[in-house]
Amino acid sequence: MATKQVRYEALVKALHADLYRYGYWLCHDKHIAEDLVQETFLRAWRALDSLKDEKAAKSWLITILRRENARRFERKRFDMSEYEEATISDVKATSSEQEIENYWLREKIAKMPEEYREPLVLQVIGGFSGEEIAGILSLNKNTVMTRLFRARNQLKEAVDDEPKLRGLHNG
Amino acid sequence: MDDLKFRRSMLAEPNNRDDAIKAAIKSDSAKQKFSQELDTLEHKIAQAMHIPVPEDLANKLILRQTFASHQQQKRKTRVRLSMAASVALVMGLTVNFMMFSNTYKNLGDYAIAHVNYEASHFSNNDQPRVTLASLNEKMATFKGSFDSTLGNLIFADYCRFNGSNSLHLVFQGQSSPVNIFILPDDKDIKFVANFANDKLQGRSLNFNHSNIIVVGDKNEPIKQWQERVSDHITWSI
């Protein structure tokens, strides 16, 4: 029993941040993200014995979280596809240039179609390879690579175009 | 490597640079610039995506799990306790059944087993040692008395007879000792009037609240012994 507890705590400490961020990018809401992570880890605890390979832990947890997120839509049909500006609330008036830039980029990421955003989040936060992402999302690898390319390309174009406009906003 | 393929590959997996990509970057200054821009972009994306995580989230997760598993544990403990209790009960009943149930089917089987078990203690040549007075003293327990010792009485004492207290009398017989058991009428064990095995034979007689069993070898006139017992015994009630 003690070893299960130890495993669980190690898992929580190592992966809760990535999982929370991933959850956040799925639902754009801090509180829902937190609930998702809680549900995910509670389910993970119950099924912890079935996790044989610790290396697979991250993708295992992400799969649970995706399922939890999908279940949320089964229960209640929120219209979450429409991104609401009010839900992004990390930025204070006192924020540094870096934070303003983060905020701006976050908006861009949040507005991106989900099918592009999800592989990108898995790649950047999860550190998964194209093949692993394909496995988690049940897509083929070429589709994933195309989506990653388009996602990053959109962001790159936005960044390349935006500085002037951003200057106007701030100035 | 053509430019489109290079861009596609870089944008899809900026951190996964194989030798061909590295070579392309080295050989072309435009590609080098593109790669540097992409590094900057990648850094920005990573920073943007790394939204702050609530500080106490890890502790909350552990706390919630601890509560959940505590509840589970309590339920499990209860189930285990009740299972242990059931097992103990069944064991108790089994032991009880084995220790105190009748191993022998009837009076005769037990009487023969008893005689065989104690056969080595008695010899037909033993001198009579028991007087009528001490015999009747012992018989008082069974609320009966003899007006004679019936023969040469070698031994008279209480014996366990299939879980009930009995009086075991051993008499000198013609060739081997004759055993007489006086025991309370026990409903738990089946009464048989006649019984025998290859060497021994016996007869039982049922009185009001006692059984008297006579066991001897095949040469012994058991019926006579039995008649002698019933002639000489008097029951006080």
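Residues numbered from 1 in each chain as written. Chains lettered and ligands numbered in written order. Predicted model: local features only at pLDDT ≥ 70, side-chain atom pairs only at ≥ 80, totals over all residues.

> Please provide a residue-by-residue account of the overall build of chain B, values included.
Across its full length, chain B carries 7 helices and 8 strands. Per-residue burial over chain B gives 24% buried out of 237 residues. (Helix = DSSP H or I, 4+ residues; strand = E, 2+ residues; numbered from the N terminus. Buried ≥ 20, exposed ≤ 12 C-beta atoms within 10 Å, placed from the backbone.)

> So what about the sheet that holds strand 2 (residues 153-161) of chain B? Which residues, and what values?
All names here are of chain B. Ordered in space as 2-3-4-7-6-5, the 6 strands form an open sheet in which the pairing is antiparallel. With one partner strand each, in any of the chains shown, strand 2 and strand 5 (194-196) form the two edges of the open sheet. For this sheet, the mean inter-axis angle between neighbouring strands, taken without regard to orientation, is 20 degrees. Alignment of strand 3 (residues 164-171) against strand 4 (residues 178-184), held across 5 bridges, turns out to be antiparallel. Bridge pairing links V170 to N179 in strand 4. (Pairing = 2+ DSSP bridges. Axes fitted to C-alpha atoms, helices over the stretch in contact; angles between N-to-C directions.)

> Tell me what's going on with the nonpolar core, and back it up with residues and numbers.
Grouped together as the largest cluster of nonpolar side chains are 44 residues, with contacts concentrated most on A:L19, A:Y22, A:V37, A:L61, A:V121 and B:M49. If near-sequence neighbours (up to four positions away) are discounted, A:V121 is found in contact with A:Y22, A:W25 and B:M49. Judged by nonpolar contacts, the second largest core, of 30 residues, contains B:L107, B:L167, B:V178 and B:F181. (Core = buried A, V, L, I, M, F, W, Y, C linked by C-beta atoms within 7 Å. Contact = placed C-beta atoms within 7 Å.)

> How would you explain the interface of chain B and chain A if you had to name every residue and give the values?
Each side of the interface is counted separately: chain B has 24 residues, and chain A has 34 residues. Breaking the side of chain B that touches chain A down by element, the ones donating at least two residues are helix 1 (3-12), helix 3 (29-49) and helix 4 (57-100) of chain B. For the side of chain B that touches chain A, the element with the most residues is helix 4 of chain B, which contributes 8 residues. Taken together, the residues of the side of chain B that touches chain A break down into 16 nonpolar, 4 polar and 4 charged. (Nonpolar A, V, L, I, M, F, W, Y, C, P; charged D, E, K, R; others polar.)

> Go over the packing of helix 5 (residues 114-124) of chain A against helix 6 (residues 130-137) of chain A, please, and point to the residues and values.
When two helices pack together, their arrangement is given by the angle between their axes and by how far apart the axes lie. All names here are of chain A. Here helix 5 crosses helix 6 at 130 degrees, and the two axes come no closer than 10 Å. Considering their axes alone, helix 5 and helix 6 lie oblique with respect to each other. Crossing angle aside, the handedness with which helix 5 passes helix 6 is right-handed. Contact residues: helix 5 offers E118, P119, L122 and Q123, while helix 6 offers I133, I136 and L137. Of the residues assigned to the contact of helix 5 with helix 6, the class counts are 5 nonpolar, 1 polar and 1 charged. (Parallel < 35°, antiparallel > 145°, perpendicular 65-115°, else oblique. Left-handed = near helix turned anticlockwise from the far one by under 90°.)

> I'd love a proper account of the confidence of the model for chain B, names of residues and values included.
Predicted coordinates in areas of low pLDDT are best not read in detail. A residue-level look at chain B finds 96% of positions with pLDDT of 70 or above and a mean pLDDT of 83. Both confidence scores are given for the complex: pTM 0.56, ipTM 0.75. (pLDDT = per-residue confidence, 0-100.)

> So what's going on with unusual backbone geometry? Residues and values would help.
Even without glycine at this site, A:H28 takes up a positive phi of about 60 degrees. With respect to the helices, strands and loops of the structure, A:H28 is situated in the loop between helix 1 (2-27) and helix 2 (30-46). For B:K143, which is not a glycine, the phi torsion comes out positive at approximately 60 degrees. Its place among the elements puts B:K143 in the loop between helix 6 (132-139) and strand 1 (144-146).

> Talk me through the environment of A:L122; I want residue IDs and the actual numbers.
Residue and element names in this part refer to chain A. Structurally, L122 can be placed in helix 5. Accessibility expressed as a C-beta count within 10 Å gives 26 for L122, which makes it buried. In this structure the C-alpha to C-alpha distance between L122 and I133, which are 11 residues apart in sequence, comes to 6.7 Å. Those residues in contact with L122 that lie beyond four places of it in its chain are F128, I133 and I136.

> Describe helix 5 (residues 107-118) of chain B, naming the residues involved and giving the relevant values.
Side chains three or four residues apart in an α-helix point the same way, a direct result of the helix having 3.6 residues per turn. Residues and elements named next belong to chain B. Taking 1.5 Å as the rise per residue, helix 5 with 12 residues should run 16 Å; its terminal C-alpha atoms sit 17 Å apart, in good agreement. Taken as a whole, helix 5 has its buried residues at L107, G108, Y110, A111, I112, H114 and V115. Residues of helix 5 that are buried sit in contact with strand 2, strand 4, strand 5, strand 6 (200-206) and strand 7 (210-217). (Expected span 1.5 Å × (residues − 1).)

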